[in-house]
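For reference, the chains in residue letters:
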Amino acid sequence: MDGGDISRRGLLGGFFLDAAKPEIDYDSVTARVRAGWDTSAPNDELMRALEPVAPVLAEAARAAPGDRILDVGAGTGNVALACSAAGAAVDACDLSPRMVMAGLERTGQAIRWSQGDAAILPYDDEAFDTVVSSFGAAMAPRARRTARELARVLRPGGRLVLTAWAPASFPGELDRERAEVDPLPEGVRLPCDWGRPEIAHQRLSPHFDDLEMQLHTAGLRFESAQDCWHALTRPLLLSANHRGELRPRFDALLAAHNEAEEGIELAARFLLVLGRRPD
């Protein structure tokens, strides 16, 4: 057998190995995220807890009259309303149709709403001056495609502002505990991976310049442990068995992180990422 035969066999062997490699099941994760937020909408407990983050993003976005801003994964409009109050014209989108309806009911005509996936945004190229996302884009399983989409809808020189929970925060640790009892499909990364500066930089640097990473703390407040449990786990669509497995882990995390004598107060660290689409 000559070298050419060996080379051809090696190439064919590599082809069949690649062909046999299973595809990452992103679609099932996206469908489950959508169904989870549809089921838990409007999740008032969580939206109220996240309200203190909204002015941080609006300030980082430098929202001002004349700006056109897109809020991705907008929930019921915390950040969209904060940007609108500064005079910006704001569009908001969310993966969940029920969250979009709840957002419309809350904001009225002040915000223009659309249903859409962060990885396939329903907007034209270069349509916005600024794109913001308060933990929403981080839930999209196709992280690299999402990064491209955030850049695509920005005008040249446009500004990116997004947040993700730090892995050592209460929500980040809950991500990992959930994955222990109900694993994600192979190859799908945890949402809190966006909260690692090196990973956020790796995903965004092909599309954005002047990347800046800042660690902030959000004080998440809930009236009770049960309110906190419902707010953070209802969107997960866990089975009864998985909920039973997760609850003692959740309670242990809560005991370690709760800073209030009455009720729940969590000092949750998050990464604020700033970037600029190249001119």
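Above this text is the structure in question.
Here's what I pulled together on the structure shown here. Predicted model, so just to flag it, every value in this text is computed and none were measured.

Another point: the side chain of Asn78. Note that Asn78 resides in helix H5 (residues 78-85). A distance of 2.8 Å separates the side chain of Asn78 from the backbone oxygen of Met47, its partner in a polar contact. Beyond its immediate stretch of four places on either side in the chain, Asn78 contacts Met47, Leu50, Glu51, Ala54 and Arg106.

Attention now goes to the packing of helix H2 (residues 26-40) against helix H6 (residues 97-107). Direction vectors running N to C along H2 and H6 enclose 40°, while the axes themselves pass 7 Å from each other. What the angle tells us is that H2 and H6 run oblique. Packed against H2, whose contacting residues are Arg34, Trp37, Asp38 and Thr39, the element H6 presents Pro97, Arg98 and Met99 at the interface. Grouping the amino acids of the contact of H2 with H6 by side-chain chemistry returns three nonpolar, one polar and three charged.

A general feature of soluble globular proteins is that nonpolar side chains tend to end up buried together. Grouped together as the largest cluster of nonpolar side chains are 55 residues, with contacts concentrated most on Phe170 and Leu220. Those residues in contact with Phe170 that sit more than four places away from it in its chain are Cys228, Leu232, Phe250, Leu253, Leu254, His257 and Leu266. Of all hydrophobic cores here, the second largest spans 26 residues; its members include Val72, Cys93, Leu162 and Ala200.

Further remarks concern the packing of aromatic side chains. Taken as a whole and judged by the stated rule, the model has six aromatic pairs. Here Trp229 and Phe250 contribute two aromatic rings whose centre-to-centre distance is 5.0 Å and whose plane-to-plane angle is 75°, an arrangement assigned as edge-to-face. One end of the pair, Trp229, is in helix H10 (residues 225-233); the other, Phe250, is in helix H11 (residues 240-257), and 21 residues separate them in sequence. Here the aromatic residues Phe135, Trp165 and Phe270 are joined through ring pairs into a cluster of three or more. One residue, Arg203, lies across the ring of Trp194, its end atom 4.9 Å from the ring centre.

What counts and what doesn't
Residues numbered from 1 in each chain as written. Predicted model: local features only at pLDDT ≥ 70, side-chain atom pairs only at ≥ 80, totals over all residues. Heavy atoms only, no water. Helix = DSSP H or I, 4+ residues; strand = E, 2+ residues; numbered from the N terminus. Polar contact = N/O pair within 3.5 Å; in protein donor to acceptor, adjacent residues only side chain to side chain. Contact = heavy atoms within 4.5 Å. Axes fitted to C-alpha atoms, helices over the stretch in contact; angles between N-to-C directions. Parallel < 35°, antiparallel > 145°, perpendicular 65-115°, else oblique. Nonpolar A, V, L, I, M, F, W, Y, C, P; charged D, E, K, R; others polar. Core = buried A, V, L, I, M, F, W, Y, C linked by side-chain atoms within 4.5 Å. Buried < 20%, exposed > 50% of the residue type's maximum accessible area, 1.4 Å probe, protein only. Phe/Tyr/Trp six-rings, centres within 6.5 Å; stacked < 30°, edge-to-face > 60°. Lys NZ or Arg CZ within 6 Å of the ring centre and 35° of its normal.

Nothing here speaks to function; it is all geometry.
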